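Remarks on the overall topology
These are the residues of each chain, in order.
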Amino acid sequence: MKLMKLIPDETRIPFTKWRWHALALTIAMFAGSLIAIFVAPGLNYGVDFRGGITIEVEDTTPIDLGAVRDAVGALDLGGAKIQEFGSPQEIVVAIESSTVEGKTNADAGQQRVAQLVQDALREALGDDVKFERVEVVGPTVSGELTRRGIMAVVLATVMMLAYIAFRFQFQWGAGAVLGVIHDTVITIGLIALFQFSFDLNVIAAILTVIGYSVNDTVVVYDRIRENLRKYKKMPLAELIDQSLNETLTRTVVTGGTAILALAALVLLGGDVLRGFCFAIMFGIAVGTYSSLFVAAPFLLITGVKRDWAKVKGAATVGA
């Protein structure tokens, strides 16, 4: 009995035929992402990057948000964000550094402010209240984390370019990096659009997406290189289509399996994991798209020299 296959053995999808349609979609997604990041709604920076105090509070009964706002407001710290965290028994109190700086002239002073907030919450909610997480990040530390986060993403991209340029050619490396930039910007744009907290966890997710995207692109590029050696006279567009179809099952099954697992974590993993898993899930989907419609067609648009792919003594195989 034959098992049902998700992707037929011999698909003939004309990917390169749709390259201009894909280019229009890519430009639209890229532009929309830049608008979401830099114009509106903008990135919702977490405490890691903007500095400030985050306190996660848990109680045995539903927490009165009005009482919490009154207790924190009485400290005259400026605007504080207070919201439920998963259930009515859990809330998060977030206070930005900019509202604390007027009360303290040093990063260390925020520890004192965090203690004042905890004391006020105990008085308002009772001694049984629990503080599951207390994070204090001063402006100096947040600025350093921002610089290091940007440096990590840029360095990862440069290293990927160097690796693929060494393994293939610079032209191939440029195509892979173009895909990485595409995946990174669109993933960050989605994070901004849905207003997930942009913190170090999301930076880790973006680095994971970069690694996945390049790995997927290298698999496709390897098959294109093999076919360049095998089919010396086959038109380049037809050769790229054949290579993409030959790797399609691996691409869809690998990406689809990861997306299903991440979707479960997005829905059931709680607020702490949601932004991280969301970034990886959509990053994998966008990375799969870029391997098929960005990195591979880039070789067709720029042209690939076949001379470098010749193997000494290899027989020529007609298309």
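As a reminder, the structure under discussion sits directly above these lines.
So, here's what we can say about the structure.

Here we come to the pattern of salt bridges. Within this structure, the stated rule accounts for six salt bridges. Taking the shortest distance from any N to any O, the salt bridge between Glu56 and Arg133 comes out at 3.3 Å. Pair noted here: Glu56 is in strand β2 (residues 52-58) and Arg133 is in strand β5 (residues 130-137), with a separation of 77 residues, a long-range link. The exposure class of Arg133 is partly exposed, given its relative accessible area of 26%. Among the salt bridges present, the one from Arg122 reaches Asp119, with a minimum N-O distance of 3.4 Å. Within this pair, Arg122 and its partner Asp119 are both found in helix α5 (residues 109-125), separated by three residues, close to a single helical turn. A relative accessible area of 29% means that Arg122 is categorised as partly exposed. Asp119 gets classed as partly exposed once you look at its relative accessible area, which sits at 36%.

Ranked by size, the top nonpolar core spans 57 residues in total, and within it Ile164, Trp172, Phe198, Tyr221, Ile224 and Ile240 carry the most contacts. If you list the elements that add at least two residues to this core, you get α1 (19-38), α6 (139-167), α7 (170-193), α8 (200-230), α9 (236-246), α10 (248-268) and α11 (271-302). Other than its neighbours up to four places away in sequence, Phe198 contacts Leu43, Asn44, Tyr45, Gly46, Phe49, Ile188, Ile191, Ile203 and Ile206. In terms of nonpolar packing, the next biggest core, distinct from the first, is built from 18 residues, Val68, Ile82, Ile91 and Ala114 among them.

With that out of the way, let us pick up the packing of α1 against α7. Here α1 crosses α7 at 50°, and the two axes come no closer than 8 Å. Relative to α7, the element α1 is oriented oblique. Read as a crossing pair, α1 and α7 show a hand that is left-handed. Residue-level contacts link Thr26, Met29, Phe30, Ser33, Leu34, Ala36 and Ile37 of α1 to Ile181, His182, Val185, Ile186, Ile188, Gly189, Ala192 and Leu193 of α7.

Among the residues of helix α3 (residues 65-73), those classed as buried are Val68, Ala71 and Val72. The buried residues of α3 all sit within an arc of 90° when viewed along its axis, so they share a single face. Near the N-terminus of α3, the side chain that reaches the backbone nitrogen of Gly66, with its oxygen 3.0 Å away, is that of Asp64.

Among the secondary structure elements, Glu90 is positioned in strand β4 (residues 90-96). Lacking a salt bridge, the buried Glu90 has Arg133 as its closest oppositely charged neighbour, with an N-O distance of 9.2 Å. Excluding its chain neighbours within four sequence positions, the residues that come into contact with Glu90 are Glu56, Val57, Glu58, Ile63, Gln83, Glu84 and Phe85.

A cis amide bond links Ala40 to the next residue, Pro41, at an omega of 5°. With respect to the helices and strands, the residue Pro41 is situated in the loop between α1 and β1 (44-45). Of note, the phi angle at Gln195 is positive, near 60°, even though the residue is not glycine. Mapped onto the elements, Gln195 comes out in the loop between α7 and β6 (197-198). Given the relative accessible area of 34%, Gln195 is considered partly exposed.

Turning our eyes to something else, we now look at the layout of surface pockets. Approximately 510 Å³ is the volume attributed to the second largest pocket. Every residue lining the second largest pocket is counted, 19 residues in all, and those nearest its centre are Ile150, Val153, Thr184, Ile188 and Phe198. Of all elements in the fold, only α1, α6 and α7 reach the threshold of two or more residues within the lining of the second largest pocket. Top element by residues in the lining of the second largest pocket is α6. It accounts for six residues.

Further remarks concern the packing of aromatic side chains. Tallied over the full model, the rule gives eight aromatic pairs. Between Tyr45 and Phe198, the ring centres sit 6.0 Å apart and the planes meet at 90°, which makes this aromatic pair edge-to-face. Here the residue Tyr45 occupies a position in strand β1, and Phe198 occupies one in strand β6, the gap between them amounting to 153 residues. Of the residues examined, Tyr45 reaches a relative accessible area of 40% and is grouped as partly exposed. Ring centres of Phe194 and Phe196 lie 6.4 Å apart, and the angle between their planes is 40°; this geometry places the pair in the tilted category. Ring pairs connect the aromatic residues Phe194, Phe196, Phe278 and Phe282, which therefore count as one cluster.

Basis of the calculations
- Residues numbered from 1 in each chain as written.
- Predicted model: local features only at pLDDT ≥ 70, side-chain atom pairs only at ≥ 80, totals over all residues.
- Heavy atoms only, no water.
- Salt bridge = Lys/Arg side-chain N within 4 Å of Asp/Glu carboxyl O.
- Helix = DSSP H or I, 4+ residues; strand = E, 2+ residues; numbered from the N terminus.
- Buried < 20%, exposed > 50% of the residue type's maximum accessible area, 1.4 Å probe, protein only.
- Core = buried A, V, L, I, M, F, W, Y, C linked by side-chain atoms within 4.5 Å.
- Contact = heavy atoms within 4.5 Å.
- Axes fitted to C-alpha atoms, helices over the stretch in contact; angles between N-to-C directions.
- Parallel < 35°, antiparallel > 145°, perpendicular 65-115°, else oblique.
- Left-handed = near helix turned anticlockwise from the far one by under 90°.
- Arc of directions from axis to C-beta.
- Polar contact = N/O pair within 3.5 Å; in protein donor to acceptor, adjacent residues only side chain to side chain.
- Lys, Arg positive; Asp, Glu negative; His and termini not counted.
- 1 Å grid on protein atoms, 1.4 Å probe; cavity = no way out; pocket = protein on both sides within 12 Å on 5 of 7 lines; lining within 4 Å.
- Points joined across faces, edges and corners; volume = space filled by probe spheres on them.
- Phe/Tyr/Trp six-rings, centres within 6.5 Å; stacked < 30°, edge-to-face > 60°.

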